[in-house]
Structures are given as structure tokens and as C-alpha cells.
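Listed here are the chains, written in short residue letters.
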Amino acid sequence: MIAPSILSADFAHLAEEVDAVAGADWLHVDVMDNHFVPNLTLGLPVVQSLLKVTDIPLDCHLMIEDPARWAPPYAEAGAYNVTFHAEATDDPVAVARDIRAAGAKAGLSVKPNTPIEPYLEILRNFDTLLVMSVEPGFGGQSFIAHVLDKARIVRNLVDAGELRLVVEIDGGINMDTIEQAAEAGVDCFVAGSAVYGTEDPSATVAKLRDRVVAVEAAN
Ligand code: DX5
Ligand code: ZN
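So, here's what we can say about the structure. Model, not experiment: these values are computed from the prediction. (Residues numbered from 1 in each chain as written. Chains lettered and ligands numbered in written order. Predicted model: local features only at pLDDT ≥ 70, side-chain atom pairs only at ≥ 80, totals over all residues. Heavy atoms only, no water.)

## So, the overall build of the chain
Moving on, step 1. Per the secondary structure count, the chain includes nine helices and eight strands.
Moving on, step 2. Seen along its three principal axes, the alpha-carbon backbone of the chain occupies a region of about 45 × 45 × 30 Å.
Moving on, step 3. When burial is assessed residue by residue, the chain has 53% of its 219 residues classed as buried.
Moving on, step 4. Once local pairs closer than 6 in sequence are excluded, the contacts in the chain between residues at least 24 apart make up 62%.
Moving on, step 5. In the structure as shown, the chain presents an accessible area of about 9600 Å², 48% of it carried by carbon and sulfur atoms.
Moving on, step 6. Each charge class in the chain was averaged separately, 14 positive and 33 negative side chains, and the resulting centres sit 5 Å apart. (Helix = DSSP H or I, 4+ residues; strand = E, 2+ residues; numbered from the N terminus. Buried < 20%, exposed > 50% of the residue type's maximum accessible area, 1.4 Å probe, protein only. Contact = heavy atoms within 4.5 Å. Areas by Shrake-Rupley, 256 points an atom, 1.4 Å probe, with all protein chains shown as cover. Lys, Arg positive; Asp, Glu negative; His and termini not counted. Charge placed at Lys NZ, Arg CZ, Asp CG, Glu CD.)

Written as C-alpha cells, this is what we have:
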């Protein structure tokens, strides 16, 4: 799956920018509160407006403090997947339960230097694991390859039947780095600048997917 990130889109023309990635599997929406990360983007009203203009499932990535309070409303609004950060809460399982009860898939995200081992036991409460391959906060940064070890660990547990979840990666994904991520067993690839920085974002989504399919065919 390819999930274009609208963080790199033109915020004054969001509906057109969503149309420009027709064929995307998920639409990745980066919510930042200027506290958990040093940047401020958009919140629930914009997500509600996006839901009215697209049928692409919304993948909301909440880079915010206090997800217990702020995450469930995104699920209630109709987001398909609501991901929050492990570093932002002491009780991730309770937040996941509330997101699921509100009708969405629940995702857990870990920053590049956050180990996955302490969270393996609770991952059965989640539908998605979002491995950050840049420090959250900004688009256009370089891919941090060592995070792929986390993707491999979780991929193995999924393949062994011990977990059922989507392994997603976010940050620095482009036509080159997507191959390493695909080899590590990632299922869903977020790409912001690599998609919206091109003339034809929708064609770029298709090309990124072709790369993944080629890697999978070779393995
Ligand atoms: C960063 C965001 C990413 C961002 C990725 O904090 O979570 O989703 O849009 O942008 P690129 O693909 O340009 O690294
Ligand atoms: Zn993101």
C-alpha cells in the first residue's frame, strides 16, 4: 500500500491535492500540535473537511500530546486508521481500545530511537505499527535505515502468525529507499515530498507501488 502524505501538499488547495493522488491506498494526514513535535499543522476540522471530499481511507498520524483525550474524535469523525505515538502516553492499550470502540483501526507509532521490544507484548491490541524513519515533525528529511530492524522484527512475528497488523513506514521514502523498506517486510509506505514534489503525483504513487511489487516478486 502507498499512503501519500499531504504534509507536502499545498494546504490552500487540499481538495485538488487529494484528487492528484487518485489511486492511493491510504491518504496520510499528519496532525502536529507544536508540543509533541516542533511544528503545527492541522486538526480535526480539516480532517472532517477532507472526509467530505475523498473516498480514500484517511490514515491520521497524530504527533500530539495526550492522545487519550484527542485521538478518539478522529475515529468518531470517520478516519480509517488513527495512529498515535508510544512516547506520548503511559497507557497505549487504553487509547487503542478507545479508538477501536469509536470505529477506526488503531495504530502505534515509534520514533527512530524508540526500541520496539517494550511494545511487542501490546501490539496485539493494534491494527497498525507505524515505524518512523525520520524524526517526526517535518517532511523532506533523509531516510534513517536502522529503523528497518524494527520492521523486520514485527514482520517476522506477523509471518509466524503471532501478530496481525499492518507494518507501515514514514519518512524519507522515495524511489530508492522504498526498496530497502519493502525488503524488510513493510506493508504500507508513506511518502510526502517524493509524491507531491513530482509533476504527476498519481503516476508517482503507481511507480512507487511498482517498485514494491518488483521487490516482492524477486524475493
Ligand atoms: C513527518 C511526517 C511524515 C512526512 C513524511 O513527521 O510524519 O508523514 O510527511 O515526509 P517525507 O515523505 O517527505 O519524508
Ligand atoms: Zn506521518
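## Here's the deal with the packing of aromatic side chains
Moving on, step 1. Throughout the structure, instances matching the rule amount to two aromatic pairs.
Moving on, step 2. Their ring planes at 55° and their centres at 5.8 Å tell us that Trp 26 and Tyr 80 sit as a pair that is tilted. Taken together, the residues span a long stretch of sequence, with Trp 26 in the loop between α1 (14-19) and β2 (27-32) and Tyr 80 in the loop between α4 (72-77) and β4 (81-85) at a distance of 54 residues.
Moving on, step 3. Given a relative accessible area of 6%, Trp 26 falls into the buried group. (Phe/Tyr/Trp six-rings, centres within 6.5 Å; stacked < 30°, edge-to-face > 60°.)

## Overview of the pattern of salt bridges
Moving on, step 1. Applying the stated criterion to the full structure yields seven salt bridges.
Moving on, step 2. Here Arg 97 makes a salt bridge to Asp 98, at a shortest N to O gap of 3.9 Å.
Moving on, step 3. When its relative accessible area of 53% is taken as the criterion, Arg 97 is described as exposed.
Moving on, step 4. According to the relative accessible area criterion, Asp 98 is partly exposed, its value standing at 33%.
Moving on, step 5. Close ionic contact of Asp 149 with Arg 152 constitutes a salt bridge, the shortest N to O distance being 2.8 Å. Residue Asp 149 and its partner Arg 152 are both found in helix α6 (residues 148-159); the two are separated by three residues, about one turn of the helix.
Moving on, step 6. By relative accessible area, which is 45% here, Asp 149 ends up partly exposed.
Moving on, step 7. Among the charged side chains, a network of salt bridges with common partners joins Arg 155, Asp 159 and Asp 187. (Salt bridge = Lys/Arg side-chain N within 4 Å of Asp/Glu carboxyl O.)

## Here we look at the environment of Arg 97
Moving on, step 1. Within the secondary structure layout, Arg 97 lies in helix α5 (residues 92-101).
Moving on, step 2. Counting along the chain gives 25 residues from Arg 97 to Pro 72, while the straight-line C-alpha distance between them is 9.4 Å.

Bear in mind that shape data such as this cannot, by itself, settle questions of function.
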